[in-house]
Amino acid sequence: MATVKSVCVYCGSSSNVRESHRDAARELGSALAQAGLRLVYGGGQVGLMGLTAEAALAAGGMVTGIIPKFLNRHEIGHTRCTELIVSDNMHDRKYQMAAIADAFVVLPGGFGTLDETFEILTWKQLGLHDKPIVIADIDGYWALLLALMANQFKENYVRPEHRELFRVARDVAKILPILALEPEPRFSLKKNWL
């Protein structure tokens, strides 16, 4: 069983999205706080990112936001985070988020969320970490992505054993139970591996 103290959440920065996705972000933020888990996220105050952080803070949780300098200059950094880390660039932001998190959850999002998701999956595939990853397929949002991944397995671009790199949760209530059943990671991310 994985010892999870902090969860990195990848999600969208758009606010013009389905209410069910907004509800899922709030529900996850609250659930993490109530379970005593630190939220690690991209540090923004907008979109699903901001909603997740606000819900965690409102429930008394600890929130670490990591935002690159250029985005923070545009005043979208969430100033009420328990801890706001300003990184030099996007790559350093992603590394820091991955390094301090014990697990990863992917909520609906756009290109940036896909970038973060595939990078953390690839790092796990390459053996750079073995932390749990859960894709939250809220309302079937990731169904086409999951179908594409199934085709990658079928066409032998991804090895069959790599199906175990991630889990899928169809709703937020299943995320923490899934994480609790994951094996204890044997090692964490090391910067000199990248």
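Going by the structure above, here's the rest.
**What about the packing of helix α1 (residues 19-34) against helix α2 (residues 47-58)?**
Argument step 1. At a minimum axis separation of 7 Å, α1 and α2 run at an interaxial angle of 35°. The handedness of the crossing between α1 and α2 comes out as right-handed. Touching H21, R22, A25, R26, G29, S30 and A33 of α1 are L48, L51, T52, A55 and A56, all from α2.
Argument step 2. In the contact of α1 with α2, the residues fall into 6 nonpolar, 4 polar and 2 charged.

**Observations regarding the nonpolar core**
Argument step 1. Core analysis: the largest hydrophobic core is formed by 30 residues, its most contacted members being V7, V9, L28, L39, V105, L107 and I175.
Argument step 2. Among the elements of the structure, β1 (6-10), α1, β2 (38-41), α2, β5 (103-106), β6 (133-136) and α7 (175-181) are those that each provide at least two residues to this core.
Argument step 3. Excluding anything up to four places from it in sequence, V7 contacts L32, L37, R38, L39, V40, A103, V105 and L179.
Argument step 4. Counting 23 residues, the second-largest nonpolar core is a separate cluster that includes V40, M97, I120 and L145.

**Points about the pattern of salt bridges**
Argument step 1. This structure, assessed with the given rule, holds 15 salt bridges.
Argument step 2. Across the salt bridge formed by R26 and D23, the nearest N and O atoms sit 2.9 Å from each other. Of this pair, R26 and D23 both sit in helix α1, 3 residues apart, which is roughly one turn of that helix.
Argument step 3. Residue D23 is classed as partly exposed on the basis of its relative accessible area, which comes to 39%.
Argument step 4. Salt-bridge contacts for E119 lead to K94; the nearest nitrogen and oxygen are separated by 2.9 Å. Of the two residues, E119 is situated in helix α5 (residues 111-125) and K94 in helix α4 (residues 90-100); the sequence distance between them amounts to 25 residues.
Argument step 5. Overall, the relative accessible area of 18% leaves E119 in the buried class.
Argument step 6. Here the salt bridges share partners, and the residues they tie into one network are E19, R22, D23 and R26.

**Let's talk about the side chain of S6**
Argument step 1. If you trace the backbone, S6 turns up in strand β1.
Argument step 2. You can call S6 buried: its relative accessible area is 6%.
Argument step 3. Aside from chain neighbours lying at most four places away, what touches S6 is R38, V40, I100, A101, D102 and A103.

**Overview of unusual backbone geometry**
Argument step 1. Here D139, not a glycine, exhibits a phi torsion of approximately 55°, which is positive.
Argument step 2. With respect to the element layout, D139 can be found in the loop between β6 and α6 (143-154).
Argument step 3. Look at D139 and you get partly exposed, because its relative accessible area is 46%.
Argument step 4. For N156, which is not glycine, the phi torsion reads 65° and is therefore positive.

Cut-off values and rules
- Residues numbered from 1 in each chain as written.
- Predicted model: local features only at pLDDT ≥ 70, side-chain atom pairs only at ≥ 80, totals over all residues.
- Heavy atoms only, no water.
- Axes fitted to C-alpha atoms, helices over the stretch in contact; angles between N-to-C directions.
- Helix = DSSP H or I, 4+ residues; strand = E, 2+ residues; numbered from the N terminus.
- Left-handed = near helix turned anticlockwise from the far one by under 90°.
- Contact = heavy atoms within 4.5 Å.
- Nonpolar A, V, L, I, M, F, W, Y, C, P; charged D, E, K, R; others polar.
- Core = buried A, V, L, I, M, F, W, Y, C linked by side-chain atoms within 4.5 Å.
- Buried < 20%, exposed > 50% of the residue type's maximum accessible area, 1.4 Å probe, protein only.
- Salt bridge = Lys/Arg side-chain N within 4 Å of Asp/Glu carboxyl O.

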